[in-house]
Amino acid sequence: MHPFAAIALDFVFAFALLCSLYVALAWGELCGVRPGGDKSGLGGFAFVALFALARGVALALGMLVVARDGELVWLWLGHAAIGLLAWRVFEAQVARLQRDRWAVTLVGLFVAAVLPVPAFTLVLVRGNDRWLVGGAATMQLVAAAVAVLHAVCFWQRRRGMLRVRRA
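Residues numbered from 1 in each chain as written. Predicted model: local features only at pLDDT ≥ 70, side-chain atom pairs only at ≥ 80, totals over all residues. Heavy atoms only, no water.

Next up on the list: the packing of aromatic side chains. Within this structure, the stated rule accounts for six aromatic pairs. When the centroid spacing of 5.4 Å and the interplanar angle of 20 degrees are considered together, the rings of Trp-87 and Phe-90 count as stacked. Taken together, the positions of Trp-87 and Phe-90, both in helix H3 (residues 72-98) and three residues apart, correspond to about one turn of that helix. Its relative accessible area of 28% is what places Trp-87 among the partly exposed residues. Here the aromatic cluster, defined as three or more aromatic residues joined through ring pairs, consists of Trp-27, Phe-45, Trp-87 and Phe-90. (Phe/Tyr/Trp six-rings, centres within 6.5 Å; stacked < 30°, edge-to-face > 60°. Helix = DSSP H or I, 4+ residues; strand = E, 2+ residues; numbered from the N terminus. Buried < 20%, exposed > 50% of the residue type's maximum accessible area, 1.4 Å probe, protein only.)

Below, the discussion takes up the environment of Cys-31. Turning to its location among the elements, Cys-31 is positioned in the loop between helix H1 (3-30) and helix H2 (46-66). Put simply, Cys-31 and Ser-20 are 11 residues apart on the chain and 17 Å apart in space, counted from C-alpha to C-alpha. Excluding its chain neighbours within four sequence positions, the residues that come into contact with Cys-31 are Trp-102, Ala-103, Val-104, Thr-105, Gly-108, Phe-154 and Arg-158. (Contact = heavy atoms within 4.5 Å.)

The final tally for this structure, using the stated rule, is three salt bridges. Where Arg-157 meets Glu-29, a salt bridge forms, and the shortest distance between an N and an O atom there is 3.2 Å. Here Glu-29 lies in helix H1 and Arg-157 lies in helix H6 (residues 136-162), a separation of 128 residues in the sequence. A relative accessible area of 29% places Arg-157 in the partly exposed class. The exposure class of Glu-29 is partly exposed, given its relative accessible area of 26%. The salt bridge partner of Arg-126 is Glu-71, with a shortest N-O separation of 2.5 Å. (Salt bridge = Lys/Arg side-chain N within 4 Å of Asp/Glu carboxyl O.)

Judged by nonpolar contacts, the single largest core of 44 residues is most densely connected at Trp-27, Leu-30, Phe-45, Phe-90, Phe-120 and Val-123. Going through the elements one at a time, H1, H2, H3, helix H4 (105-114), helix H5 (117-127) and H6 are the ones with two or more residues in this core. Beyond its immediate sequence surroundings of up to four residues, Phe-90 is in contact with Trp-27, Leu-30, Phe-45 and Val-48. (Core = buried A, V, L, I, M, F, W, Y, C linked by side-chain atoms within 4.5 Å.)

Topologically, Asn-128 is positioned in the loop between H5 and H6. The exposure class of Asn-128 is buried, given its relative accessible area of 3%. Within the local environment of Asn-128, its side chain forms a polar contact with the backbone oxygen of Leu-124, the two atoms lying 2.9 Å apart. Contacts of Asn-128, omitting those with residues within four sequence positions, involve Ala-6 and Asp-10. (Polar contact = N/O pair within 3.5 Å; in protein donor to acceptor, adjacent residues only side chain to side chain.)

Let us now look at a nonpolar patch on the surface. Together, Met-1, Leu-53, Val-57, Leu-61, Leu-64, Val-65 and Trp-76 line one region of the surface with nonpolar side chains, adding up to about 630 Å² of accessible area. Counting residues per element, the nonpolar patch draws most heavily on H2, at five residues. Checked against the element boundaries, Leu-64 lands in helix H2. What makes Leu-64 partly exposed here is its relative accessible area of 45%. (Patch = residues over 30% accessible without salt bridge, like charges linked within 9 Å, V, L, I, M, F, W, Y side chains within 5 Å. Areas by Shrake-Rupley, 256 points an atom, 1.4 Å probe, with all protein chains shown as cover.)

Two packed helices can be described by the angle between their axes and the distance between those axes. Between H4 and H6, whose axes approach to 8 Å, the crossing angle comes to 140 degrees. In terms of orientation, H4 and H6 fall into the oblique class. Here the hand of the crossing between H4 and H6 comes out right-handed. On H6, the residues touching Thr-105, Gly-108, Leu-109, Ala-112 and Ala-113 of H4 are Ala-147, His-150, Ala-151, Phe-154, Trp-155 and Arg-158. Its residues assigned to classes, the contact of H4 with H6 shows seven nonpolar, three polar and one charged. (Axes fitted to C-alpha atoms, helices over the stretch in contact; angles between N-to-C directions. Parallel < 35°, antiparallel > 145°, perpendicular 65-115°, else oblique. Left-handed = near helix turned anticlockwise from the far one by under 90°. Nonpolar A, V, L, I, M, F, W, Y, C, P; charged D, E, K, R; others polar.)

To continue, consider the layout of surface pockets. Approximately 590 Å³ is the volume found for the largest pocket. Along its surface, the largest pocket is lined by 30 residues, and Gly-56, His-79, Ile-82, Gly-83 and Leu-84 are the ones closest to its centre. At the level of elements, H1, H2, H3 and H5 are the ones that each hand at least two residues to the lining of the largest pocket. Ranked by residue count, the leading element in the lining of the largest pocket is H3, at 12 residues. When grouped by side-chain class, the residues that make up the lining of the largest pocket number 25 nonpolar, four polar and one charged. (1 Å grid on protein atoms, 1.4 Å probe; cavity = no way out; pocket = protein on both sides within 12 Å on 5 of 7 lines; lining within 4 Å. Points joined across faces, edges and corners; volume = space filled by probe spheres on them.)

Written out as structure tokens, the structure is:
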């Protein structure tokens with residue numbers, strides 16, 4: 001890949017990452033709302049769909065650039081399936097809050113920090129193959145870094161939501 005193309009792809013990747021970190025923060029907030037607490041902000045979760053869609057489109061464009069012969073359709077189908085799964089789970093967890101129940105923390109963490117990993121890892125590693133070499137070990141390190149970054153956002157936001165606020 002030409003160095004300028006790799007730089008352009010990295011800008012797309014950075015945009016997707018920022019959108020994804022917002023989604024991870026939203027999952028942390030969702031999992032930090034206490035039953036019986038104020039639910040007036042649930043309407044704000046509608047923006048999660050916009051950020052998740054922006055992330056999905058940006059990563060799909062990245063896949064368009066890095067896909068090898070015969071991979072693109074399968075990559076996009078898998079990417080779309082993961083995105084739809086994540087959205088359906090998000091809707092289910094919001095519904096739990098509306099019924100005054102906790103959103104399931106492990107489910108939120110999985111969707112926020114694990115599901116984005118395959119697409120991000122593929123686009124980052126293949127898009128920067130001139131300097132990011134090492135095969136499976138590199139893929140594992142990048143995947144772990146992406147997962148940890150998302151998990152930290154999730155846990156920090158959840159912890160902030162659970163803090164006791166006294167007037």
